[in-house]
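Overview (structure and organization)
Residue strings, one per chain:
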Amino acid sequence: MDMVAAFVAMLLVVWLIERRRRGKGSGHADVAAVALTALWCLLCSVSGAQSVVATLGEVARNLAWLLVVLRLFARDHRDETVSPVRPVLAVLALVETFQLALVVLVVRFADIPAAVTMIGQLSDLFHLLMTTGALVLVHNLYVGAVAGQRGAVRWNCLALAVLWGYDLNYYTIAYLGHMVPDELVALRALAQGVAVVMIGIAARTGGSLRLSPSRTVAFQSLVLLVIGIYLIVMVGAAQSVAWAGGNASELVQLGFAFVTTVVIISLVPSARLRRWLNVVLAKHFFQHRYDYRAEWLRFARTIGRVDANSLPLHARVIQAVADITDSARGLLLVPGEGGTLVLAAQWQWPTMELPATAMDPRALAFLERTGFIVDLDQVRKGTDHAGEAALMPAWMIEEQAVWVLVPLLHFERLVGLVVLGRPALARELDWEDFDLLGVVGQQLASFLAEQTSHAALLEASRFDEFNRRIAFVMHDIKNLASQLALLARNAERHADNPAFRGDMLVTLRNSADKLNALIARLSRYGAGAVPVIEPVDLGDVVRTVAARCNVAIGREQVFAIDIEPCRVLASRETLDQVLSHLVQNALDATDTALGVFLGTRLYRDHEGAWGVVEVVDSGSGMSADFVRNRLFTPFVSTKPGGFGIGAFEARELITAMRGRIDVESREGLGSRFTVRLPLAPALDVPDLLPALKAAS
């Protein structure tokens, strides 16, 4: 194993020298340290790890690596700013050079076994002092580096930690046991080889290769370290009992094993112990308390989970904040009437009883203005950072389980307040907690604001639908009122005419039927809903509409011409309503001397066969811009007192019957409205084939 480590080190020396020749290499100290490590491995392989020459080689190796540590400190000039660095290195080098004196003493008293043993103990002790001090320097080298420099020294520090960390354990066992197992000697060479490889990685990457273990791995490593310490304590205790001897030694060993087993069984499953280890790990092993990637992924899973078993959004908001601080319960308060805060949701806190008004308007205004995260423990101790102490309600102060208040702000408006319960392992919050809770609070506020906006939009949509129904009804009532008023005026002149009276009765009956149908249709409006679709004789509907309009105006001004027989799929009542509106609009736009013409025909295109109704007038017409942008827009009308609903309603109803309306118009010439509806299947389809062929 020593030969393999020496070979790897020599290869690295050659590679480093070649890199230096190309101007990319490391300093002289690195090359010298790796070269001396290779030489020491060769000496160990040839003469043994305990030989005099191997000891001299180890001293040279350690001094070279101490020089490398000084160079790494000098990289960002910390050897000048940290005054103890140079003296500590000098002391460690002096301790290491004491090995030379001990080598001389071993040679001088080689024939006295007791003296050799004592000198070996001193040598092991000096090795322990040197490796301990060197590891402390390596730790300070990495931890004290600025964020931008840590990547540059990471692999070097890791290599030195492996090299001297193994030596620390090696010499500890040698000092305590007065001997070293052969397996540890062989593994020591493996540790040197691993350290050399890491030095090569550092030289190759220039420190850019990042090694950043997750907090989970670090936590598990800490647990393994605790287990290792426990094993060492167990071995030491057992050895002490064995050295004590006597009849009670076996009983003491049994009692010690029983007590430690009980302690392990009680502590290892403890969630409190795991939380404590997490806190210790975050404080002493990481620059930041939180693993932000893991926290954000958990936050996204909590908020984004929507399935049959998921909690309501308000409860998930509480859980998302509680997960950050390991709180097991919480409340959500939201603004209520009069600017107060009221309870909106509870998460795992069913026993908590709140007053109807959880917080008064002054507290809401304070939280909205400052966004201050309130630590109730600080308030209970009398600390008042921003005037929050006087605003906290009595029930929060008296309830010791209430721990932290996290405001949820959306565009400087408070949309909620999360009240966290005290976790199993309470701690004092620091700047990192406040920063993370503030960011999470803003994100959660946006979710709550989005839900509120969505609910308001749905409510507004329902009101809009209701208003549209009323607008349609008012428009239809207006048309009926106009027809009845016109009928009443004509009745004054033609009341003695029996034919007129008959037509008037028919018109009144139709108007009453329309009013009743209008009332019934109120419950069917919405998304263009229409009555049952059935085959309808298009020509018959056109003739009925024309006749009714002529009766209402008292003369023949609506002409049903060019009526081709065709049956379409439609609702007769709805189609009658649409055509009546189109005819009424045409009459309003046409001079009394001119007429409005209705006609039907068959039409076929690539979409299928259609029945078509055309309403043609010679009135004032409409501009292309009006037809394109305003004709079918609700509440836009060119007629004084008009609702601007008729054309929009007509198009919606025709669309609901799977048809369409097309418009052609020229200002001063008139307009043509074309209503197209799908042709109904009929038993006499062969009789329609000639007409369809002609239409196509």
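Another aspect to go through is the pattern of salt bridges. In this structure the tally under the stated criterion is 14 salt bridges. Asp360 is the salt-bridge partner of Arg362, the closest N and O atoms lying 3.5 Å from each other. For Asp360, a relative accessible area of 29% translates into the label partly exposed. Asp540 is paired through a salt bridge with Arg572; the nearest N and O atoms lie 2.6 Å apart. Of this pair, Asp540 sits in helix α19 (residues 538-553) while Arg572 sits in helix α20 (residues 572-589), placing them 32 residues apart in sequence. Judged by its relative accessible area of 31%, Asp540 is partly exposed. Assessed through its relative accessible area of 35%, Arg572 is described here as partly exposed. Salt bridges here are not isolated pairs; linked through shared partners, they connect Asp377, Arg380 and Arg422.

For the rest of this paragraph, the subject is the environment of Trp610. One can find Trp610 in strand β10 (residues 608-617). Distance from Trp610 to Leu569, taken between C-alpha atoms, is 9.5 Å for residues 41 residues apart in sequence. When sequence neighbours within four positions are dropped, the list of residues in contact with Trp610 reads Arg601, Leu602, Tyr603, Asp605, Arg658, Arg676, Leu677, Pro678 and Leu679. One polar contact links Trp610 to Asp605, side chain to side chain, over a distance of 3.0 Å.

Glancing now at the packing of aromatic side chains. Enumeration according to the criterion identifies four aromatic pairs in this entry. Relative to Phe299, the ring of Trp296 lies with its centre 4.9 Å away and its plane at 25 degrees, an arrangement referred to as stacked. Separated by three residues within a single helix, Trp296 and Phe299 lie in helix α12 (residues 292-304), roughly one turn from each other. The partly exposed category is assigned to Trp296, whose relative accessible area is 39%. Judged by its relative accessible area of 7%, Phe299 falls in the buried class. Both rings, one in Phe559 and one in Phe597, keep their centres 5.4 Å apart while their planes meet at 25 degrees; by these two values the pair is stacked. Of this pair, Phe559 sits in strand β7 (residues 558-563) while Phe597 sits in strand β9 (residues 596-605), and the two are 38 residues apart along the sequence. Stacked on the ring of Trp610, the Lys or Arg Arg676 has its end atom at 4.6 Å from the ring centre.

If a strand is regular, its side chains alternate between the two faces of the sheet. Within strand β4 (residues 402-410), seven of the nine residues are buried, which leaves it mostly tucked inside the rest of the structure. Two strands pair when backbone bridges link them, and strand β3 (residues 374-375) and β4 are joined in this way by two bridges, in the antiparallel orientation. From the neighbouring strand, Asp375 faces β4, where its bridge partner is Val404. Here eight bridges tie β4 to strand β5 (residues 413-421), and the two strands are oriented antiparallel to one another. Across the sheet, the residue bridging to Val404 is Leu420, located in β5. Between β4 and β5, which pair antiparallel one after the other, the connecting turn spans two residues, and Phe411 there sits at a positive phi close to 50 degrees.

With that settled, consider the nonpolar core. Residues Val34, Trp65, Leu66, Val69, Met130, Leu160 and Trp164 are the most contacted members of the largest nonpolar core, which totals 41 residues. Those elements that place two or more of their residues in this core are α1 (2-21), α2 (28-47), α3 (52-75), α5 (85-108), α6 (113-143), α7 (147-177) and α8 (182-205). Setting aside residues no more than four positions away along its own chain, Leu66 makes contact with Leu89, Leu92, Ala93, Met130, Ala134 and Trp164. In terms of nonpolar packing, the next biggest core, distinct from the first, is built from 39 residues, Cys566, Val578, Leu602 and Phe632 among them.

The subject of this paragraph is the sheet that holds β4. Pairing is antiparallel across the open sheet formed by five strands, whose spatial order is β2-β1-β5-β4-β3. Edge positions in the sheet fall to β2 (341-347) and β3, since each of these pairs with one other strand and no more. Two elements, strand β1 (residues 330-335) and β2, share six bridges in a ladder whose sense is antiparallel. Among the inter-strand pairings, Gly330 is bridged to a residue of β2, identified as Trp347. With respect to the sheet, helix α13 (residues 313-325) is in contact with β1, β2, β4 and β5, its orientation differing from that of β2 by roughly 75 degrees. Sheet contacts for helix α14 (residues 361-370): β1, β2, β3, β4 and β5; angle to β5, the most-contacted strand, approximately 100 degrees.

One open sheet holds the five strands; their spatial order is β7-β9-β10-β12-β11, and the pairing between them is mixed. The strands lining the two open edges of the sheet, one partner per strand, are β7 and β11 (660-666). Across this sheet, the average inter-strand angle for adjacent strands is 20 degrees, counted without regard to direction. Sheet analysis places β7 next to β9, joined by four bridges and oriented parallel. Note that in β9 the partner of Ala560 across the bridge is Leu598. Sheet strands in contact with α19 are β7, β9 and β10, and its direction is about 160 degrees off that of β7.

So, on to the environment of Ala328. In this structure, Ala328 sits in the loop between α13 and β1. According to the relative accessible area criterion, Ala328 is partly exposed, its value standing at 44%. Along the chain, Ala328 and Gly421 lie 93 residues apart, while their C-alpha atoms are 6.7 Å from each other. Once residues lying within four places of it in the same chain are set aside, the contact partners of Ala328 are Trp347 and Gln348.

Reading the values: rules and limits
- Residues numbered from 1 in each chain as written.
- Predicted model: local features only at pLDDT ≥ 70, side-chain atom pairs only at ≥ 80, totals over all residues.
- Heavy atoms only, no water.
- Salt bridge = Lys/Arg side-chain N within 4 Å of Asp/Glu carboxyl O.
- Buried < 20%, exposed > 50% of the residue type's maximum accessible area, 1.4 Å probe, protein only.
- Helix = DSSP H or I, 4+ residues; strand = E, 2+ residues; numbered from the N terminus.
- Contact = heavy atoms within 4.5 Å.
- Polar contact = N/O pair within 3.5 Å; in protein donor to acceptor, adjacent residues only side chain to side chain.
- Phe/Tyr/Trp six-rings, centres within 6.5 Å; stacked < 30°, edge-to-face > 60°.
- Lys NZ or Arg CZ within 6 Å of the ring centre and 35° of its normal.
- Pairing = 2+ DSSP bridges.
- Core = buried A, V, L, I, M, F, W, Y, C linked by side-chain atoms within 4.5 Å.
- Axes fitted to C-alpha atoms, helices over the stretch in contact; angles between N-to-C directions.

Fair warning: the whole summary comes from geometry, so function is off the table for now.
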